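# Tertiary structure, described
Spelled out from the first residue to the last, the chains are:
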Amino acid sequence: MINISLRVNGRNYELNIEGNERLIDVLRDRLGFKSVKEGCGSGDCGLCIVLMNGKPVHSCMVMGFQAREKEITTVEHLGDEDNLHPIQKAFTDVGAVQCGYCIPAAILVSKHILENHENPTQNDIRWFLRSVLCRCGSYLRFEKAIYEVSQQVR
Ligand code: FES
Ligand code: FES
């Protein structure tokens with residue numbers, strides 16, 4: 001077992017994990033953050049994306065011990081049903097949420113875009129969103145939602 005400490009959604013955790021445990025397993029199975037979804041398990045679909053020190057990472061491709069001393073954000077940290085984060089609200093307002101499976105990852109990637117591009121272009125948005133596979137084809141609605149939030153914060 002390996003002892004790690006990490007911070008998830010603003011709270012510190014100290015855990016003993018197996019050397020072969022992935023970050024997605026730590027987040028879902030040990031800490032209960034079920035918004036983190038598994039798709040391909042091999043770094044292709046992006047459904048497992050979380051923010052690690054503010055940057056999107058595929059949590060199926062990061063070992064748990066690599067998150068030692070890191071700050072992890074999952075969508076649970078943004079808002080809840082009664083108090084939606086502006087990105088969550090925009091996603092719902094434009095009808096981007098279809099089956100919902102990719103939405104936690106898409107929202108975290110959107111957060112990253114908005115925090116790093118004051119006025120994101122369509123190319124910026126498409127460049128980052130390419131990392132999330134939305135089988136429902138909501139990409140144009142994701143773009144619309146991100147654009148709308150970018151206009152609110154200007
Ligand atoms: S589940 Fe991680 S990239 Fe597909
Ligand atoms: S909303 Fe269904 S996979 Fe994206």
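Residues numbered from 1 in each chain as written. Chains lettered and ligands numbered in written order. Predicted model: local features only at pLDDT ≥ 70, side-chain atom pairs only at ≥ 80, totals over all residues.

An unreviewed UniProt entry annotates the chain as (2Fe-2S)-binding protein of Caldiarchaeum subterraneum.

Attention now goes to the nonpolar core. In this structure, L27, A105, A106, L108, V109, V132 and A145 are the most contacted members of the largest nonpolar core, which totals 41 residues. Of all elements in the fold, only strand 1 (2-8), helix 1 (23-30), strand 3 (49-52), helix 2 (86-93), helix 3 (103-116), helix 4 (122-129) and helix 5 (139-152) reach the threshold of two or more residues within this core. Among the elements that line this core, the one with the most residues is helix 3, at 7 residues. Of the residues that make up this core, three or more belong to each of domain 1 (2-77) and domain 2 (86-152). Apart from the residues within four sequence positions on either side, V109 is in contact with I49, P56, F128, L129, S131 and V132. (Core = buried A, V, L, I, M, F, W, Y, C linked by C-beta atoms within 7 Å. Buried ≥ 20, exposed ≤ 12 C-beta atoms within 10 Å, placed from the backbone. Helix = DSSP H or I, 4+ residues; strand = E, 2+ residues; numbered from the N terminus. Domains from an automatic or database assignment. Contact = placed C-beta atoms within 7 Å.)

Across 7 bridges, strand 1 lies against strand 2 (residues 11-17) in antiparallel orientation. Opposite I2, over in strand 2, you have I17 as the bridge partner. Where strand 1 hands over to strand 2, the hairpin turn is made up of 2 residues, of which N9 adopts a positive phi near 50 degrees. (Pairing = 2+ DSSP bridges.)

What follows is about helix 2. Of the positions making up helix 2, those classed as buried are I87, Q88, A90 and F91. The arc that holds the buried residues of helix 2, viewed along the axis, is 160 degrees, so those residues lie on one side. Positioned one or two residues after helix 2, G95 has a phi angle of 75 degrees, which is positive. (Arc of directions from axis to C-beta.)

The sheet built from 5 strands is open, its strands ordered 2-1-5-3-4 with mixed pairing. Looking along the sheet, the strands with just one partner apiece sit at the ends: strand 2 and strand 4 (55-58). Each strand axis lies, on average, 40 degrees off the axis of its neighbour in the sheet, ignoring direction. Strand direction decides the pairing type here: strand 1 and strand 5 (residues 71-73), joined by 2 bridges, are parallel. Within the sheet, the bridge partner assigned to R7 lies in strand 5 and is E71. (Axes fitted to C-alpha atoms, helices over the stretch in contact; angles between N-to-C directions.)

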